[in-house]
Amino acid sequence: MTRLTFHRPDDWHVHFRDGDPMRAVVPFTARAFGRAIVMPNLTPPVTTTALAAAYRERILAAVPEGVTFTPLMTAYLTDGSDPADIVAGHADGVLTAVKLYPAHATTNSQFGVTSIAAVRPVLAAMEKAGMPLLIHGEVTRAEVDVFDREARFVEEVLLPLLADFPGLKVVLEHVTTAEGVAVVKAHAGRMAGTITPQHLLYDRNALFKGGIRPHLYCLPILKRSTHKLALRAAATAGDGLFFLGTDTAPHLKHTKETACGCAGVFSAPTAIEAYLSVFEEEGALDRFEIFASLAGPAFYGLPVNPERVTWEKRSRPVAEAIEVPGAGEIVPLFGGETVAWSPV
Ligand code: DOR
Ligand code: ZN
């Protein structure tokens, strides 16, 4: 039996939502991961330190008894964000980072940033405070092809931003292209990238395999297979520049299986299983711990989780969906399929 023991991993990019859906999904992340960076794209968004502190309490109340889990909070950057509140929230230990959504890029991003010029004072304050900026890297102009939005963002927005704020720590979230991988590598030391399970597992053909697959629709969208291969090489390189960030993004089943479906893959229940299969296929299980448990804390300046967990090669079926009492169901990654790895 193949077994692998590693420090308890962290998830550096999750969507927990709020209310009943939050209470249904938090246990999956809390059982598998020591900490998670929590995205602030609620309605209304988590824009201030006070809102983040209150949201953190609601998340902690949803953690199952006996489970130790730390949510790391982010603030949603808007054109009107107050630099003093953001850096004070960081100094007080409430805010770990700030999330930049270009306005209209994805779910609940309508209050996002309209131009980098509008948020210069916040970025300058964060640079001075050593507070990381987490970026959804897609341009949003309607004429730009949806498959080109990340590469265009790197060229048009990210490179100028990195040059303007040379001391700002930046994470390019859910990297999906070779161009995204390259910009992270070129700015090693101040930059990192998270990679989702679905972008390592699938290319864009999977969206249309035998018919349209709404549960694989996410943003940034799956790309062609050359990009998937670049992401696999980046995740398994062992250089610590890329780390685990699932972008688990639960949406009720009926809001995905519809004429205009929501973007997001709910991967929390099977994320480690997915990443382990990819690392196994790449012959890189010896570098799994760097990606899952070591590189993220190193970038964020946090200790590695002290406990160790063991996983083994043992297949088991995955439920078709999880229940949100009173609201409906959410279909997880690999729902109704079999996974090859299980926790011991
Ligand atoms: O697919 C996505 N879903 N991408 C995002 O950037 C946001 C997320 C969500 O919140 O649903
Ligand atoms: Zn996300």
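Please read these numbers as outputs of a predicted model, since none were measured by experiment.

Colleague: When you look at the sheet that holds strand β10 (residues 308-317) in this model, what are you seeing that I'm missing?
Modeller: To summarise the sheet geometry, strands pair through backbone hydrogen bonds and adopt either a parallel or an antiparallel arrangement. Strand order in this open sheet of three strands is β1-β10-β13, and the pairing throughout is antiparallel. Looking at which strands have only one partner, the edges of the open sheet turn out to be β1 (3-7) and β13 (338-343). Neighbouring strand axes in the sheet, compared pairwise and without regard to direction, differ in orientation by 35° on average. By the bridge criterion, five bridges tie β1 to β10 in an arrangement that is antiparallel. Residue pairing in the sheet places R3 in a bridge with E312 of β10.

Colleague: Any chance you could explain the site of ligand 1 here in plain terms?
Modeller: Looking at ligand 1, there are 14 residues lining it, with R17, N41, T107, L219 and H251 nearest. At 3.1 Å from an oxygen atom of ligand 1 is found a side-chain nitrogen or oxygen belonging to T106. Between ligand 1 and the protein, one listed contact pairs a nitrogen atom with a backbone N or O atom of L219 at 2.7 Å. In the complex, the protein chains occlude 100% of the 290 Å² of accessible area that ligand 1 would expose alone.

Colleague: Looking at this structure, I do not really get a negative patch on the surface. What am I missing?
Modeller: Taken together, D145, D148, E155 and E179 make up a surface patch of like negative charges. Topologically, E155 is positioned in helix α5 (residues 149-164).

Colleague: Got a minute to help me understand the pattern of salt bridges in this structure?
Modeller: Any two side chains of opposite charge can pair, so long as their charged atoms come close to each other. Evaluated as defined, the whole model comprises 16 salt bridges. As a salt-bridge pair, E143 and R141 come within 3.0 Å of each other at their nearest N and O atoms. A relative accessible area of 62% means that E143 is categorised as exposed. With relative accessibility at 32%, the residue R141 sits in the partly exposed group. A salt bridge links R141 to E156; the shortest N-O distance between them is 3.0 Å. Here R141, found in the loop between β6 (133-135) and α5, pairs with E156, found in helix α5; they are 15 residues apart in sequence, far enough to count as distant.

Colleague: Where do I start with the coordination of the zinc ion (ligand 2) in this structure?
Modeller: Around a metal, the perfect tetrahedron of four donors has angles of 109.5 degrees, and the perfect octahedron of six donors has angles of 90 or 180 degrees. Within the protein, H13 (NE2), H15 (NE2) and D247 (OD) serve as the donor atoms for the zinc ion (ligand 2), at 2.0 to 2.1 Å. Positions of the donor residues of the zinc ion (ligand 2), expressed as sequence spacing, correspond to H-x1-H-x231-D. One end of the pair, H15, is in the loop between β2 (11-14) and α1 (19-32); the other, D247, is in the loop between β9 (242-244) and α9 (253-256), with 232 residues separating them in the sequence. Since its relative accessible area comes to 7%, D247 is described here as buried.

Colleague: I'm lost on the environment of S342 in this one. Help?
Modeller: In this structure, S342 sits in strand β13. Taking the C-alpha atoms as reference points, S342 and T270, 72 residues apart in sequence, are found 9.4 Å from one another. Setting aside its immediate chain neighbours within four residues, S342 contacts W311, E312, R314 and R316. Looking at S342, its side chain comes within polar contact range of the main-chain oxygen of R314, at 2.8 Å.

Colleague: Just to check I follow, could you spell out the packing of helix α6 (residues 178-186) against helix α8 (residues 225-236) for this structure?
Modeller: What describes two packed helices is the angle between their axes and the distance between those same axes. In contact at an axis separation of 8 Å, α6 and α8 are set at 30° when each is read in the N-to-C sense. What the angle tells us is that α6 and α8 run roughly parallel. Together, A178, E179 and V181 of α6 and H227, A230, L231 and A234 of α8 make up the contact between the two elements. The class makeup of the residues in the contact of α6 with α8 is five nonpolar, one polar and one charged.

Colleague: So what exactly am I meant to see when it comes to the environment of D145 here?
Modeller: By the secondary structure assignment, D145 is in the loop between β6 and α5. Polar side-chain contacts of D145 include one of 2.9 Å to the backbone nitrogen of F147.

Colleague: Looking at this structure, how should I read α8?
Modeller: Along an α-helix, a turn takes 3.6 residues, which lines up residues three or four apart on a common side. The end-to-end C-alpha separation of α8 is 17 Å, in line with the 16 Å expected for twelve residues at 1.5 Å each. All of the buried residues in α8 are H227, K228, A230, L231, R232, A234, A235 and T236. Structurally, α8 contributes buried residues whose contacts are with α6, β8 (191-195), α7 (197-201), β9, α10 (271-281) and α11 (288-300). Phi turns positive, to about 80°, at G238, one or two residues after α8.

Colleague: I keep staring at the side chain of T270 and nothing clicks. Help me out?
Modeller: Tracing the sequence through the fold places T270 in the loop between α9 and α10. T270 has contacts with V318, L333, F334 and V339, leaving out every residue within four places of it along the chain.

Colleague: Looking at this model, I keep getting lost on the pairing of strand β5 (residues 95-100). Mind explaining?
Modeller: Along any regular strand, the residues point their side chains to alternate faces of the sheet. β5 sits mainly inside the fold: six of its six residues count as buried. Both strand β4 (residues 70-76) and β5 contribute to a ladder of four bridges, which runs parallel. Within the sheet, the bridge partner assigned to Y76 lies in β5 and is K99. In this region the chain leaves β4, passes through helix α3 (residues 83-91) and returns to the parallel neighbour β5; the handedness of that crossover is right-handed. Inspection of the sheet shows β5 paired to β6 by three bridges, in the parallel sense. Bridged to V98 within β6 is L133. Since β5 and β6 lie parallel, the crossover through helix α4 (residues 120-129) that links them has a hand, and here it is right-handed.

Conventions we followed
Residues numbered from 1 in each chain as written. Chains lettered and ligands numbered in written order. Predicted model: local features only at pLDDT ≥ 70, side-chain atom pairs only at ≥ 80, totals over all residues. Heavy atoms only, no water. Pairing = 2+ DSSP bridges. Helix = DSSP H or I, 4+ residues; strand = E, 2+ residues; numbered from the N terminus. Axes fitted to C-alpha atoms, helices over the stretch in contact; angles between N-to-C directions. Near = heavy atom within 4 Å. Polar contact = N/O pair within 3.5 Å; in protein donor to acceptor, adjacent residues only side chain to side chain. Areas by Shrake-Rupley, 256 points an atom, 1.4 Å probe, with all protein chains shown as cover. Patch = residues over 30% accessible without salt bridge, like charges linked within 9 Å, V, L, I, M, F, W, Y side chains within 5 Å. Salt bridge = Lys/Arg side-chain N within 4 Å of Asp/Glu carboxyl O. Lys, Arg positive; Asp, Glu negative; His and termini not counted. Charge placed at Lys NZ, Arg CZ, Asp CG, Glu CD. Buried < 20%, exposed > 50% of the residue type's maximum accessible area, 1.4 Å probe, protein only. Donors = N, O, S within 2.8 Å, 3.2 Å for Na, K, Ca; no water. Contact = heavy atoms within 4.5 Å. Parallel < 35°, antiparallel > 145°, perpendicular 65-115°, else oblique. Nonpolar A, V, L, I, M, F, W, Y, C, P; charged D, E, K, R; others polar. Expected span 1.5 Å × (residues − 1). Right-handed = clockwise from strand over helix to strand, strands pointing away.

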